[in-house]
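Tertiary structure, described
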Amino acid sequence: MPPFNLTSLTPATFILAGIPGMEKSHIWISIPFCSMYLAALLGNGVVLFVIRTERSLHHPMYLFLSMLAIADLMLSTMTVPKMLALFWFSAGEISFGACLTQMFFLHFSFSVESVILLAMALDRFVAICYPLRYAAVMTQSAVVKAGLVALLRSFCIIFPCIFLLKRLPFCGHNVIPHTYCEHMGIARLACADISINVLYGLAVPFAAIVVDVVLITVSYVLILLALLKLPSRTARQKAFNTCSSHVCVILLFYIPAFFTVLTHRFGQEIPHHVHILLANLYVLFPPLLNPVVYGVRTQQIKEKVVKVFICPKTRLLQE
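Note that this is a predicted model, so its numbers are computed, not measured.

Describing the overall build of the protein
Within the protein, the secondary structure is distributed over 12 helices and five strands. The C-alpha atoms of the protein give a radius of gyration of 22 Å, which matches the 20 Å a tight globule of 319 residues would have. Projected onto the principal axes, the alpha-carbon positions of the protein cover approximately 70 × 50 × 35 Å. Summarising the internal contacts of the protein: among those between residues at least 6 apart in sequence, 79% fall at separations of at least 24. Of the charged side chains in the protein, 22 are positive and 12 negative, and the gap between their average positions amounts to 11 Å.

Examining the state of the cysteines
Scanning all chains against the criterion turns up two disulfides. Each sulfur in the disulfide pair Cys99 and Cys181 lies 1.9 Å from the other. Between Cys99 and Cys181, the S-S dihedral sits near -115 degrees, and the bridge is therefore left-handed. Of the two residues, Cys99 is situated in helix H4 (residues 96–129) and Cys181 in the loop between strand S5 (175–176) and helix H7 (183–187); the sequence distance between them amounts to 82 residues.

Description of the pattern of salt bridges
The final tally for this structure, using the stated rule, is two salt bridges. Where Asp123 meets Arg124, a salt bridge forms, and the shortest distance between an N and an O atom there is 2.8 Å. When the shortest N-O distance is used, the salt bridge between Arg153 and Asp212 registers 2.9 Å. With a gap of 59 residues between them, Arg153 in helix H6 (residues 140–166) and Asp212 in helix H8 (residues 195–229) connect regions that are remote in the sequence. Under the relative-accessibility criterion, Arg153 is labelled partly exposed at 21%. When its relative accessible area of 2% is taken as the criterion, Asp212 is described as buried.

What to know about unusual backbone geometry
With phi around 55 degrees, Ser90 is a residue other than glycine that occupies positive phi space. On the secondary structure map, Ser90 appears in the loop between helix H3 (80–89) and strand S4 (93–95). A relative accessible area of 63% means that Ser90 is categorised as exposed.

Describing the environment of Val213
Looking at the secondary structure, you find Val213 in helix H8. Leaving out residues up to four positions away in the same chain, Val213 has contacts with Tyr254 and Phe258.

Quick notes on the UniProt feature "transmembrane region" (unreviewed entry) in the protein
The positions that UniProt labels "transmembrane region" (unreviewed entry) are, in the present scheme, residues 27–50, 62–80, 142–165, 209–228, 240–262 and 274–294. Between the C-alpha atoms that bound residues 27–50 the distance is 35 Å, and the span itself is 100% helix and 0% strand. Each end of residues 209–228 is marked by a C-alpha atom, and these two atoms are 29 Å apart; helix forms 100% of the span and strand 0%.

Section: a nonpolar patch on the surface
On the surface, Val210, Val214, Val218, Val221, Leu222, Leu224, Leu225 and Leu228 cluster together into a nonpolar patch covering about 680 Å² of accessible area. Along the chain, the position of Val218 falls in helix H8. The class for Val218 is partly exposed, based on a relative accessible area of 44%.

Analysis parameters
- Residues numbered from 1 in each chain as written.
- Predicted model: local features only at pLDDT ≥ 70, side-chain atom pairs only at ≥ 80, totals over all residues.
- Heavy atoms only, no water.
- Helix = DSSP H or I, 4+ residues; strand = E, 2+ residues; numbered from the N terminus.
- Rg over C-alpha atoms; globule rule 2.2 N^0.38 Å.
- Contact = heavy atoms within 4.5 Å.
- Lys, Arg positive; Asp, Glu negative; His and termini not counted.
- Charge placed at Lys NZ, Arg CZ, Asp CG, Glu CD.
- Disulfide = S-S within 2.5 Å.
- Salt bridge = Lys/Arg side-chain N within 4 Å of Asp/Glu carboxyl O.
- Buried < 20%, exposed > 50% of the residue type's maximum accessible area, 1.4 Å probe, protein only.
- UniProt positions renumbered as here; feature names shortened; annotations may be inferred.
- Patch = residues over 30% accessible without salt bridge, like charges linked within 9 Å, V, L, I, M, F, W, Y side chains within 5 Å.
- Areas by Shrake-Rupley, 256 points an atom, 1.4 Å probe, with all protein chains shown as cover.

As structure tokens, then:
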């Protein structure tokens, strides 16, 4: 079979090259990556199971947390299994359609997670600044609508990238110097002008994420002002504790993302394998650490985990 279609100049397959310059270390790199992925699956799975089985956690804050766990699982699962297959079995070949699918869900899950973090910030804003109206505003219907908005906005932003890539001729160039398919990594293989891809890929998704960050920042500025007005120190401490986990998750999500994007666009002096390592860690760190942050810093989650997983074992041993 020829490596590409001569009529459309679209490759039948792409070849993922892994981490250029570190091919001999792929096996060793795969060990921590696989460990982090398995831990992320376990942590997010526990969060989803506990929230699903405990009716006392069926509140907006925890429903948003379950959405976040699903987005985290999508983010890592769309990239890490293929990455490990590449590291372990040199299985770098991926069809053109599968590559576009991986690219779409990678960027889609990132955008969904950003909207969910914004919804969680607004949830904390209403809970602290307008506590008497919280039950009326943050209904289950509002949570469902927020989830639908996250899906719809992300789809509308990312789906055009597929058509922007399918219109490009590749002239037989099909080796991607990366461990997974992403928009600009594919576009750079084209033997045509990709200025539209560069403009869209940077301006539209980046602008949407910046809007989310600005709204989250405004929400927390208003929350901080409201906390300073509380007369009781105990009340301030309690309100702060409810927000601290979310702030940690926001920092874990956005700081690596912006650092990766900025170094990728402007850090030409940084070695290429460093870019790839940062991109790989980005799809692993948030899914790995988010359940840990919420499990350690959220008392309700800790109590329910103990109730679901530890107490039944204790009763069985006593019997």
